[in-house]
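One-letter residues, chain by chain:
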Amino acid sequence: MKPFEQRGSAVLKRLPVNAVAAEIGVLRGMMSEYLLRNHPTLKLFMVDSWQTAENQPEHYRATGDVHANHTDPARVASHRREAEGRAKNFPGRAIIMPVLSADAAQTIEDGSLDLVFIDADHSYEGVKADLAAWVPKVKAGGWIGGHDYRNPAPEFDFSGVDRAVNEWASAWGVVVETDLNFTWFARI
Ligand SMILES: C[S@@+](CC[C@H](N)C(=O)[O-])C[C@H]1O[C@@H](n2cnc3c(N)ncnc32)[C@H](O)[C@@H]1O
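Below or above, wherever it landed, is the structure these notes cover. (Residues numbered from 1 in each chain as written. Predicted model: local features only at pLDDT ≥ 70, side-chain atom pairs only at ≥ 80, totals over all residues. Heavy atoms only, no water.)

It is worth spelling out the overall build of the chain at this point. Regarding its fold elements, the chain presents seven helices and seven strands. Ordered by position from the N terminus, the helices and strands of the chain form the series α-β-α-β-α-α-β-α-β-α-β-α-β-β. On the principal axes, the C-alpha backbone points of the chain span a range of 40 × 40 × 35 Å. Within the chain, the fraction of its 188 residues that count as buried is 52%. At a minimum sequence separation of 6, the contacts of the chain that also span at least 24 residues come to 69%. Here the chain displays about 8,800 Å² of accessible surface, and carbon together with sulfur accounts for 52% of that area. For the chain, the distance from the average site of its 20 positive side-chain charges to the average site of its 25 negative ones is 6 Å. (Helix = DSSP H or I, 4+ residues; strand = E, 2+ residues; numbered from the N terminus. Buried < 20%, exposed > 50% of the residue type's maximum accessible area, 1.4 Å probe, protein only. Contact = heavy atoms within 4.5 Å. Areas by Shrake-Rupley, 256 points an atom, 1.4 Å probe, with all protein chains shown as cover. Lys, Arg positive; Asp, Glu negative; His and termini not counted. Charge placed at Lys NZ, Arg CZ, Asp CG, Glu CD.)

Encoded structure:
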């Protein structure tokens, strides 16, 4: 299984029939497509700002994440086009939201989502903000989760993901489960 399929399978096993979910940070839409292909009734909000480095916050760039540090606008535009192309194969089920995570969250009704998967700004500040924006969108009994929890990859500093998730989980008194490819999940 490829890494995006591992993440996708960890998400899929937590989705009910007729699920409504959001993926925060979709890049080229690889995981989104995997989810939509393998869950025939899923409706998925695909949120990505597709910005170059000069428009990314310093704390995100400092993680060393390649997606925070793209300097070529054509490259970012091609990521967006690829994701949009994939979404077109699932009319009415894949909803592209080409905006900042916080702005997208404001347009979604509270308590309406079965699962939110956070895979965008991997800094402490970014994940903390995404948790604050998206947790209220999850329905009771639904899931919040994300990527790169306890990821020791030496080329990135993803320690902020662990810190933000652990702080949030202990404040909320919820248990964090880990799954394939450094994914984490907690039931709300
Ligand atoms: C690691 S990639 C996502 C990978 C994707 N989830 C997958 O599994 O194929 C991170 C993406 O998050 C997006 N991103 C980062 N910060 C964001 C923000 N504040 N709002 C929306 N998207 C953001 C970036 O543009 C990038 O495309």
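Let's shift gears to the nonpolar core. Residues Ile24, Val116, Leu131, Trp134, Ile144, Trp168 and Trp184 are the most contacted members of the largest nonpolar core, which totals 29 residues. Look past the residues within four positions of leucine 131 in its chain and what remains in contact with it is Ile118, Pro136, Ile144, Ala164, Val165, Trp168 and Trp184. (Core = buried A, V, L, I, M, F, W, Y, C linked by side-chain atoms within 4.5 Å.)

Turning our eyes to something else, we now look at the packing of helix α1 (residues 3-12) against helix α2 (residues 30-38). Where α1 contacts α2, the two axes come as close as 9 Å, and the packing angle between them is 45°. In this view, α1 runs oblique relative to α2, as classed from their interaxial angle. Crossing handedness for the pair α1 and α2: right-handed. Mapping the contact onto sequence places Phe4, Glu5, Arg7, Gly8, Ser9, Val11 and Leu12 in α1 and Met30, Met31, Tyr34, Leu35 and Asn38 in α2. Grouping the amino acids of the contact of α1 with α2 by side-chain chemistry returns seven nonpolar, three polar and two charged. (Axes fitted to C-alpha atoms, helices over the stretch in contact; angles between N-to-C directions. Parallel < 35°, antiparallel > 145°, perpendicular 65-115°, else oblique. Left-handed = near helix turned anticlockwise from the far one by under 90°. Nonpolar A, V, L, I, M, F, W, Y, C, P; charged D, E, K, R; others polar.)

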